[in-house]
Amino acid sequence: MKRVDDFRLKFGQKELVPIIIGGMGVDISTAELALEAARLGGIGHISDALVHDVSDRRFDTEFVKGKTKFYKSNISNSDKSSVQFDLGELAEATRLHVGKTMEAKRGDGMVFVNVMEKLTMNSPRDTLQVRLNSALDAGIDGITLSAGLHLGSFGLMAEHPRFRDAKMGIIVSSVRALQLFLRKTARLGRLPDYVIVEGPLAGGHLGFGMDWEKYDLATIVAEIAAFLKTEQLDIPLIAAGGIFTGSDAVGFLENGAAAVQVATRFTVSNECGLPAKDKQEYFRASEADITVNTISPTGYPMRMLKNSPAIGSGIRPNCESYGYLLDGNGNCAYITAYNEQIALHPDGKNISVMDKTCLCTHMRNYNVWTCGSSTYRLKDTSRLQPDGTYLALSAEHIFRDYQFSVDHQVMLPA
Ligand SMILES: Cc1cc2nc3c(=O)[nH]c(=O)nc-3n(C[C@H](O)[C@H](O)[C@H](O)COP(=O)(O)O)c2cc1C
């Protein structure tokens, strides 16, 4: 009976354990978690979502405070078009986060950064260009393009000396998205080094509509594999979304995937950035506690626990401090939804906004408990302690369980 460890992900001469821990913003997939994956011979992701805030918390910078102060006079203004990111600071924050992580890297694996196109930051092209190139400057091993089609992203890095040497991949949920990406980037003469195929059971934002239940990961992986074969493109395919056991992973590896990307099981690891009490919410969740809704202002459906504190919250939009989803014209769907409620309740008190959520602030404060569809099985991966809480696990324990387990077994902690 095969184990994940019988397979290897090959990048040229380099061989890796074919387990990738997916990016989880904001700082849910911490540097510590990514570094463990790399130490164990796999790939870990950090995320550059809200990188200023991540830098402030980790390295005592004051990027967010400075921005809030600079735009203070705009706080009660519903027009956010003037709120911009300083590109120099964005570069600095990215270089700090990525650079410090890479300095700490040990072992044979790799650390990648997850870069979401939907973080439009009120100046989509310029900010994305800075994010991508600063991560390359800081020595990142690879960049995973996510949450968007990224039709221009390779072009934004084409002049960077590391453009052809760093690993670059994209997350897609359909063969069409991949075709489009390949067509748009063909002129650069650089193929992606890997393609992550994310199915509808993943955590975070979904690359599907609210009809996500009609799709299934194995079918999409097979479609994309067939397309690559027809085009004679030898690009490693990585399956993601709902892969809960080592045996689930072996199933994909035997059917043409070069690796798997997993995340949900690591949300209850010690190294994961979620606060300890929130990890207990993930452990305790039942299947009925998980929902896919449309409260993310990005327009993508998002899976989360139904008791996420962000749902229904009517806080004032906090774009002067964050503003990562402003579209380039000062708009964000949360601002619109919030203003509708303000018009109905002009005193501004006890406002509840059900339609959308202030994703920046709430992700920053870990109030959106986004999760994969298999979260309700996390309780089966740990032990309930006498005080009624579940034991958090080490990332190494979970990683090794994926790597060596057979028969859909899950190794419990000692
Ligand atoms: C808590 C959480 C946060 C996530 N955040 C992001 C993110 O910021 N960007 C992204 O591309 N994917 C994100 N994802 C998706 C994962 O990187 C991964 O591809 C997917 O969840 C794998 O499926 P699994 O969770 O069932 O193992 C997130 C997933 C989880 C569970």
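Now for a quick tour of the structure. (Residues numbered from 1 in each chain as written. Predicted model: local features only at pLDDT ≥ 70, side-chain atom pairs only at ≥ 80, totals over all residues.)

### Observations regarding the environment of Phe-70
To be explicit about the condition: In DSSP terms, a helix is any run of H or I states spanning at least four residues, a strand is any run of E spanning at least two, and both are numbered starting from the N terminus.
Along the chain, Phe-70 turns up in helix α3 (residues 63-70). Along the chain, Phe-70 and Ile-21 lie 49 residues apart, while their C-alpha atoms are 37 Å from each other.

### What about the site of the ligand?
For the record, the criterion: In this analysis, residues qualify as near a molecule or strand once their C-beta atom, positioned from backbone atoms, comes within 6 Å of it. Under the scheme applied, nonpolar residues are Ala, Val, Leu, Ile, Met, Phe, Trp, Tyr, Cys and Pro; charged residues are Asp, Glu, Lys and Arg; polar residues are all the others, including Gly.
Residues in close proximity to the ligand total 30 residues, the closest being Gly-22, Ser-146, Gly-203, Gly-204 and Gly-372. Only β5 (110-116) and β11 (259-262) provide two or more residues apiece to the shell around the ligand. Looking at side-chain class alone, the shell around the ligand contains 13 nonpolar, 16 polar and one charged residues.

### Points about the nonpolar core
Side chains of nonpolar character tend, in soluble globular proteins, to be buried together. The cut-off we apply is this: For this analysis, nonpolar core means a set of buried Ala, Val, Leu, Ile, Met, Phe, Trp, Tyr and Cys residues linked through C-beta atoms within 7 Å. Three classes are used. A residue is buried when 20 or more other C-beta atoms lie within 10 Å of its own, exposed when 12 or fewer do, and partly exposed in between, with C-beta atoms placed from the backbone. Here, residue contact means that the backbone-derived C-beta atoms of the two residues sit within 7 Å.
Ile-143, Val-195, Val-197, Ile-238, Ala-239, Ala-257 and Val-260 are the most contacted members of the largest nonpolar core, which has 124 residues in total. Beyond its immediate sequence surroundings of up to four residues, Ile-143 is in contact with Phe-112, Val-113, Val-115, Leu-132, Ala-135, Ala-166 and Met-168.

### Describing the environment of Leu-87
You can see Leu-87 is positioned in helix α4 (residues 87-103). The class for Leu-87 is partly exposed, based on 16 C-beta atoms found within 10 Å. Linking Leu-87 and Asp-278, residues 191 residues apart in sequence, is a C-alpha distance of 33 Å. Not counting residues up to four positions away in its chain, the partners in contact with Leu-87 are Asp-126 and Val-130.

### Some thoughts on the sheet that holds strand β9 (residues 204-205)
For clarity, the cut-off: The rule for pairing is simple: two strands pair if DSSP sees at least two bridges between them.
An order of β9-β13-β12 is seen for the three strands of this open sheet, with the pairing classed as antiparallel. On the outer flanks of this sheet lie β9 and β12 (290-293), each paired with one strand and no other. In this structure, β12 lies alongside strand β13 (residues 302-305), joined through four bridges in antiparallel fashion. Bridged to Thr-291 within β13 is Met-304.

### Re the sheet that holds strand β8 (residues 194-198)
Our working rule: To obtain an axis, a line is fitted to C-alpha atoms, over the contacting stretch when the element is a helix, and the angle between two such axes runs from 0 to 180 degrees between their N-to-C directions.
Taken in spatial order, the eight strands line up as β3-β4-β5-β6-β7-β8-β10-β11 and close into a barrel, and their pairing is parallel. On average, adjacent strands in this sheet sit at an angle of 25 degrees to one another, irrespective of strand direction. Strand direction decides the pairing type here: β8 and strand β10 (residues 237-240), joined by four bridges, are parallel. Looking at β10, one finds that Val-195 is bridged to Leu-237.

### A word on the packing of helix α2 (residues 51-59) against α4
Filter applied, for reference: Roughly parallel means an angle under 35 degrees; roughly antiparallel means over 145; roughly perpendicular covers 65 to 115; every other angle is labelled oblique. Crossing handedness: left-handed means the near helix sits turned counterclockwise from the far one by under a right angle, and right-handed means the same turn made clockwise.
α4 packs onto α2 with a crossing angle of 55 degrees between their chain directions and a minimal axis gap of 9 Å. As the angle between them shows, α2 and α4 are arranged oblique. Note on packing geometry: the crossing formed by α2 with α4 is left-handed. Contacts from Val-51, His-52, Val-54, Ser-55 and Phe-59 of α2 reach α4 at Glu-89, Ala-93, Thr-94, Leu-96, His-97 and Lys-100. Taken together, the residues that form the contact of α2 with α4 break down as five nonpolar, four polar and two charged.

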